[in-house]
Amino acid sequence: MKMGFAMFTPEGDALVRRVAVAATRMMEYDGATLSEAFDFAIRKLRLLQCGEGFEEADDTAVREEVFAAIEKGVYRGV
């Protein structure tokens, strides 16, 4: 299942997808709580926004898409 993450480029969406995958795997494999997974995602999105061309990574729309993906566990088992 391919999801968009409200980034301006396909490259940005791919990077944000990796954040969502990592956060979901933290819950599955490391026993992280949903809150811990969200905190992890927020930290990584803030780092990503510092990169040239990815300034929108910490926008509300991007965060909401990531949080929805984590909540749904879309990437479990990927």
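Residues numbered from 1 in each chain as written. Predicted model: local features only at pLDDT ≥ 70, side-chain atom pairs only at ≥ 80, totals over all residues. Heavy atoms only, no water.

## Some thoughts on the overall build of the chain
- The helix and strand inventory of the chain stands at three helices and zero strands.
- Helices and strands in the chain line up, N terminus first, as α-α-α.
- Burial status across the chain gives 38% buried among its 78 residues.
- A separation threshold of at least 6 residues defines the contact pool for the chain, and within that pool the share at least 24 residues apart is 66%.
- Summing over all exposed atoms, the chain offers an accessible surface of approximately 4,700 Å²; the carbon and sulfur share of this is 52%. (Helix = DSSP H or I, 4+ residues; strand = E, 2+ residues; numbered from the N terminus. Buried < 20%, exposed > 50% of the residue type's maximum accessible area, 1.4 Å probe, protein only. Contact = heavy atoms within 4.5 Å. Areas by Shrake-Rupley, 256 points an atom, 1.4 Å probe, with all protein chains shown as cover.)

## Here's the deal with the packing of helix α1 (residues 10-30) against helix α2 (residues 34-48)
- For the pair α1 and α2, the least separation of the axes is 9 Å and the interaxial angle reads 155 degrees. Here α2 runs roughly antiparallel to α1, going by the angle between their axes. The two elements α1 and α2 cross, and the hand of that crossing is right-handed. For the pair formed by α1 and α2, the contact residues are L15, V16, V19, A22, A23, M26 and M27 on the first element and L34, E36, A37, F40, A41, K44, L45 and L48 on the second.
- Considered class by class, the residues forming the contact of α1 with α2 number 13 nonpolar, no polar and two charged. (Axes fitted to C-alpha atoms, helices over the stretch in contact; angles between N-to-C directions. Parallel < 35°, antiparallel > 145°, perpendicular 65-115°, else oblique. Left-handed = near helix turned anticlockwise from the far one by under 90°. Nonpolar A, V, L, I, M, F, W, Y, C, P; charged D, E, K, R; others polar.)

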